[in-house]
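Residue-level structural notes
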Protein chains: 6
Amino acid sequence: MKAKVSRKAHFNAAHRLYRKDWSFEENERIFGKCNNPEFHGHNYELIVSVTGEIDPETGFVIDVKVLKDLIKSEIEDAFDHKNLNVQVPEFKNLNPTAENIAMVIWNKLRPHFNAKDALEVVLYETPRNFVTYIG
Amino acid sequence: MKAKVSRKAHFNAAHRLYRKDWSFEENERIFGKCNNPEFHGHNYELIVSVTGEIDPETGFVIDVKVLKDLIKSEIEDAFDHKNLNVQVPEFKNLNPTAENIAMVIWNKLRPHFNAKDALEVVLYETPRNFVTYIG
Amino acid sequence: MKAKVSRKAHFNAAHRLYRKDWSFEENERIFGKCNNPEFHGHNYELIVSVTGEIDPETGFVIDVKVLKDLIKSEIEDAFDHKNLNVQVPEFKNLNPTAENIAMVIWNKLRPHFNAKDALEVVLYETPRNFVTYIG
Amino acid sequence: MKAKVSRKAHFNAAHRLYRKDWSFEENERIFGKCNNPEFHGHNYELIVSVTGEIDPETGFVIDVKVLKDLIKSEIEDAFDHKNLNVQVPEFKNLNPTAENIAMVIWNKLRPHFNAKDALEVVLYETPRNFVTYIG
Amino acid sequence: MKAKVSRKAHFNAAHRLYRKDWSFEENERIFGKCNNPEFHGHNYELIVSVTGEIDPETGFVIDVKVLKDLIKSEIEDAFDHKNLNVQVPEFKNLNPTAENIAMVIWNKLRPHFNAKDALEVVLYETPRNFVTYIG
Amino acid sequence: MKAKVSRKAHFNAAHRLYRKDWSFEENERIFGKCNNPEFHGHNYELIVSVTGEIDPETGFVIDVKVLKDLIKSEIEDAFDHKNLNVQVPEFKNLNPTAENIAMVIWNKLRPHFNAKDALEVVLYETPRNFVTYIG
């Protein structure tokens, strides 16, 4: 009896898409206005889903409150109202594209779940652009 | 030529999370404010999806009107404006967590579809918490 | 320089529409399935708006964090995961229709704002039914 | 390091569900009010998703701007503000059900992506009815 | 004790923006692709709001079920799955812009409410374009 | 015959709430984490509404395409993917709170409409916080 339990959360952050080892022109060509050196920002909407057995005792795959608190301590407290490039260590040498942010979130959350449970991260950068990462 | 056809529906209901065979303290420890003995409630949003072959005659996997009517007769009529614990037989001895409600909905709908078609139930308990069940 | 600042919040609750001084039949005739004696429930979505002068010092009409905390202490803590009829004193002798819940929320919040600022409460009982109350 | 990148778009169109080789009565029996000979219409919401390797150079699976422009040139320019039955060649002999529209969109987009990348099309015909096609 | 009660509904329809007494070129210049002679269509989302006294007996301004049924009989049954220009008499000589559709809806509903209650119609032509009409 | 025509748009931007003439501690006390010196950001959702007479010739208060293009040239091109504090002249000496951004948008748009038409700006800073400005 497996089910997938999903929890939505969000954080606001500034970022810039660029590579330090590329020229400004090359960054401009690939990343366009996302390469603004003064940064821009987003309301990131996040959906974290855990797939596992329904515990016959509780009827839970995972207590959503536990999931909510974990997203808060691991992701919101680390990313919210931050400049991702400057203030979040994981992006010191990693371009904070939606793909890479989703991967970092997944990597930070993965150790907190049972190895046999599947983890999925969906990250909305805007209401029209989003990314799904399953490891 | 397979496709997945999805239909959204909703129902409102009261519920309480607890086990009759546990002490009040144990229920409180595990289910927190969801264990309120006087019940609380939700607007449950439901998405039922059927995956099967597109009929080359009609261009339908399933007529959405048939799917809508089936959700109404099997789920909305049984759950809407009800107290799940007290008035819905399936939860007489089953804790009405989102996981278990999704499973019960899936079990009630499954016999109405072709065996070779896949069925998926997504149930939103709140706009931020939802569960997916595929059998 | 006036502006209206709005904050969304939500709470889940059980309720029943009925009058103690009416017969069951009369309640059934007027309130239909909302008169279920075992209760049903909703995810209430709440929008509280304050209209006032923009403070030229801060650029705020009101600090949204203050507004958020006020909604939490006055409304969410009092209504969330509760049975409105049984556990919320304001509805002991007042039918918890969306109109009356919105009025009670407005009355609870009104003393916390400057007399010259306007207060508006919008309450969604379901995604399709909502009520606006301005005093 | 795979991820799925999704982009939302939309188009408005008129259509009618019917088969030229069936009698009006047969069309009416199967397609009901969707068989209105004077047409009706929808705001179609479209989500196109590409699953592939994250390019370690850019951090992109695909540049969302490229995906957005492709959806515009291939789908929006062809379908938006059109009568699907009368003005879109793909539906000259194909009933424009949501299933078939999703399939046509998928077929039009598929040649533009790497063969090893997966393509998914989700098409909302109304906020409550939608179809997923993965080829 | 006044409150505003709102109900959401929707209908799907085909339409074309043009004036019979203008040349095709003039219609094209003013209405652009909305002048497509083969029609296009929308999922119209409708919000009807009634502002009046809260009845101290029931706690209702208006029973939402009454409002829902009225919208169905007067608007949905008349407009849903129709071609507005061809099949809805009110638009025989009136261009079905969002403004005019909202006005027609308001005029059809107005006689059904108390003269002292205010009526507001909000009509979404697309998720990004909408119109408000208050008479 | 008046109606209010509304158009939704959006832009992404970085910002920081603070006053140059206050100490860091004072800014921290009033603006909290919004005072992050490295900036944070948002997906701003914008609704611009114009209320005026319905032109009996066209059935329009204003052509929505004109409104869309005006929002693009005046607001999106100036604010999108920008750092509001550093790159948008209007905020050189004005704290970019949601209230002030809404006021600046209103002031930039106001000269483009007829003096007798009313203009309203609604600005969502997050899905839960928004501001309305009517001049």
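This text follows the structure it describes.
What comes next concerns the included structure. Only a predicted model underlies this, so the values are computations on that prediction, with no experimental measurement involved.

Turning next to the relation of the copies chain A and chain B. For the pair of chain copies, the relating operation is a rotation around an axis with a shift along it. Note on the copies: chain A fits chain B at an RMSD of 0.0 Å, the axial shift is 0.0 Å, and the rotation between them is 120°. Such a turn and shift between the copies fits a three-fold axis.

Oppositely charged side chains are able to pair whenever their charged atoms sit close together. Scanning the model with the defined rule gives 42 salt bridges over all chains in all. A salt bridge links B:Asp21 to B:Arg19; the shortest N-O distance between them is 3.0 Å. Between D:Asp80 and E:Lys33 there is a salt bridge whose closest N-O contact spans 2.8 Å. Of this pair, D:Asp80 sits in the loop between helix H2 (64-79) and strand E3 (82-83) while E:Lys33 sits in the loop between helix H1 (24-31) and strand E2 (40-53), on two different chains.

In this assembly, 22 residues from chain F lie in contact with 22 residues from chain A. The contact between chain F and chain A buries some 1,800 Å² in all, and 51% of this surface belongs to carbon and sulfur atoms. It is F:Glu38, F:Asn43 and F:His81 in chain F that bury the most area against chain A; as a group they hold 32% of the surface buried on that side. There are two salt bridges connecting chain F and chain A.

Taken together, the contact between chain A and chain B spans 21 residues of the former and 17 residues of the latter. For the pair chain A and chain B, the summed buried surface comes to about 1,600 Å²; carbon and sulfur atoms form 51% of the total. Sorting the residues of chain A by area buried against chain B places A:Lys8, A:Glu57 and A:Phe60 first, and these three jointly supply 28% of that buried surface. Summed over the shared surface of chain A and chain B, the number is zero salt bridges. Where chain A meets chain B, there are ten residue pairs in polar contact (both at pLDDT 80 or more).

Moving on, we come to the relation of the copies chain F and chain A. Each copy of the sequence occupies a distinct position, and chain F is placed on chain A by a rotation of 180° and an axial shift of 0.0 Å, giving an RMSD of 0.0 Å. Within this description, the copies of the chain are treated as partners about a two-fold rotation axis. In this assembly, 100% of the residues forming the interface of chain F have copies in chain A that are likewise at the interface, indicating an isologous arrangement.

Cut-offs applied
Along each chain, residues carry numbers from 1 onward, in the same order as the chain's sequence is written. Here the convention is simple: chains get letters from A, ligands get numbers from 1, in the order in which they are written. This being a predicted model, a pLDDT of at least 70 is required before a residue's local features are given, and a value of 80 or more before pairs of side-chain atoms are given or counted; all residues contribute to the totals for chains, interfaces and linings. Each side-chain value is derived from all of the structure's non-hydrogen atoms; neither hydrogens nor water enter the calculation. A least-squares fit on C-alpha atoms brings the copies together, and the residues used are those whose pLDDT is at least 70 in both copies. Here a salt bridge means any side-chain nitrogen of Lys or Arg lying within 4 Å of a carboxyl oxygen belonging to Asp or Glu. Comment: elements are numbered from the N terminus, with helices defined as DSSP H or I runs of at least four residues and strands as E runs of at least two. Any two residues having at least one pair of non-hydrogen atoms within 4.5 Å are treated as being in contact. Buried surface area refers to the total accessible area, computed with a probe of radius 1.4 Å, that the two partners give up upon joining, counted for both partners together. By the criterion applied in these results, polar contacts are pairs of N or O atoms within 3.5 Å in which, for protein atoms, one can donate a hydrogen and the other can accept it, and in which residues neighboring in sequence qualify only through two side-chain atoms.

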